[in-house]
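Below are the chains, spelled out letter by letter.
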Amino acid sequence: MLKIILSDIEYNQCEEIKNITTIKTKGCVKVFYPKNQKQLIFLYNLLSINNIKFALVGGGSNVLISDRYMGYIVSLSKMRKNILIRGNSVVVCAGVKLSDVYKNCQEHGLSGFEKLATIPASIGGAIGMNASFDGSQISDHLVWIKVLRNGKIEKIFRKDLMFGYRKGYSKGLILSAKFTLRAKDRDEIRDEFMKNAIVRLSSQPQGNSFGSVFKNPRSVSAGRLIEECALKGKRQGEAIISNKHANFILNTDNASFGDVLYLIQLMEKEVYKKFKVRLEREVKIIK
Ligand SMILES: Cc1cc2nc3c(=O)[nH]c(=O)nc-3n(C[C@H](O)[C@H](O)[C@H](O)COP(=O)(O)OP(=O)(O)OC[C@H]3O[C@@H](n4cnc5c(N)ncnc54)[C@H](O)[C@@H]3O)c2cc1C
């Protein structure tokens, strides 16, 4: 068996946060880039066993990282893009982007990722959040996930997992996942993807963001509540609450962690003051 040593794993003592997140705030953090599952498992166990502070980042599309964060980031962005297709089944490693899963499935005439592919997520992050778009959830076609939990690798079947609105698996490191998809005409799959990509382009603000900041409360959209507090266009430093969609914060140039956090807290405070509703954050803050 190949022995792994820490110095084999790519490491950057001062990686710019903008290179590993979609909100692209300023500052730098310590980042490990495992390339394969062996390195990832070795690193995860090493950091966990020694109680060293660390956080996992997949696509980085739902995280706000403090420029003062003292722990390590384990980024899955340079993991091998392993996608194994057999018949209607697809097994994907955690770091793979949903758009790459879609591309492979489309080539094989397999339907299921056309809507999900428009989300800038990795498989691990998407299962962790139960990412969804327009009624299509990552958990819909899931068969099992392979996870590392308490030092052991386990396969957990879909029936033993609880998924909800932006509520996925959060008890350990997701290593890979299997999906069963439907056979469909390749052109139809591509058309469906294009339709969804256009819907997203026309309905959501463009620029550096993390998508929706807050989950929608039961009966109303978070964006509507924020808009009614007259917060659209509110700016802090180089971060702004989008004029197009009030549940989005955009980094207009080189916003800091503090700029973005200020706006998140302002949205929470004003919505509570006006509606007595406590918004629940979708974005994960790493500090
Ligand atoms: C422009 C834009 C549009 C978006 N639209 C949508 C949308 O339509 N629907 C939607 O649901 N979301 C949307 N999002 C939010 C985001 O893409 C999702 O929450 C996504 O699931 C995050 O995946 P990620 O790989 O980027 O995770 P990250 O942001 O890297 O991480 C998110 C969380 O998952 C954990 N995590 C990451 N990888 C693993 C792993 N392998 N094992 C265990 N935990 C892990 C992280 O530690 C963190 O807690 C959007 C974001 C952007 C920027």
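Fair warning: this is a prediction, and the values are worked out from it, not measured in the lab.

Considering the overall build of the protein chain
Working step 1: Counting secondary structure elements, the protein chain contains six helices and 18 strands.
Working step 2: Taking 287 residues into account, the globule formula puts the C-alpha radius of gyration at 19 Å, and the protein chain, at 19 Å, falls close to it.
Working step 3: With the C-alpha coordinates aligned to their principal axes, the bounding extent of the protein chain is approximately 60 × 50 × 35 Å.
Working step 4: Within the protein chain, the fraction of its 287 residues that count as buried is 39%.
Working step 5: Across the protein chain, the fraction of contacts at a sequence separation of at least 24, relative to all contacts at a separation of at least 6, is 63%.

Section: the nonpolar core
Working step 1: The biggest cluster of nonpolar side chains holds 75 residues, and the ones touching the most others in it are Leu 98, Val 101, Ile 123, Ala 126, Ile 174 and Val 260.
Working step 2: In terms of residue count, helix α6 (residues 257-275) provides more of this core than any other element does, six residues in total.
Working step 3: Residue contacts for Val 101: discarding those within four places in its chain leaves Ile 83, Val 90, Val 92, Val 96, Phe 113 and Ile 123.

Some details on the sheet that holds strand β16 (residues 239-241)
Working step 1: The sheet built from three strands is open, its strands ordered β15-β16-β17 with antiparallel pairing. Each edge of the open sheet is held by one strand with a lone partner, namely β15 (235-236) and β17 (249-251).
Working step 2: Looking at chain direction, β15 and β16 are connected through two bridges and run antiparallel. Bridge assignment links Gln 236 to a residue of β16, and that residue is Ala 239.

Quick notes on the site of the ligand
Working step 1: Taken together, 30 residues form the shell around the ligand, and within it Gly 58, Gly 59, Gly 124, Gly 125 and Gly 211 come nearest.
Working step 2: Sorting the residues of the shell around the ligand by element identifies β3 (54-57), α3 (123-129), β9 (132-133) and β13 (173-180) as the ones contributing at least two each.
Working step 3: Its residues placed into classes, the shell around the ligand shows 16 nonpolar, 13 polar and one charged.
Working step 4: Taken domain by domain, the makeup of the shell around the ligand includes at least three residues from each of domain 1 (6-75) and domain 2 (83-203).

Calculation notes
- Residues numbered from 1 in each chain as written.
- Predicted model: local features only at pLDDT ≥ 70, side-chain atom pairs only at ≥ 80, totals over all residues.
- Helix = DSSP H or I, 4+ residues; strand = E, 2+ residues; numbered from the N terminus.
- Rg over C-alpha atoms; globule rule 2.2 N^0.38 Å.
- Buried ≥ 20, exposed ≤ 12 C-beta atoms within 10 Å, placed from the backbone.
- Contact = placed C-beta atoms within 7 Å.
- Core = buried A, V, L, I, M, F, W, Y, C linked by C-beta atoms within 7 Å.
- Pairing = 2+ DSSP bridges.
- Near = placed C-beta within 6 Å.
- Nonpolar A, V, L, I, M, F, W, Y, C, P; charged D, E, K, R; others polar.
- Domains from an automatic or database assignment.

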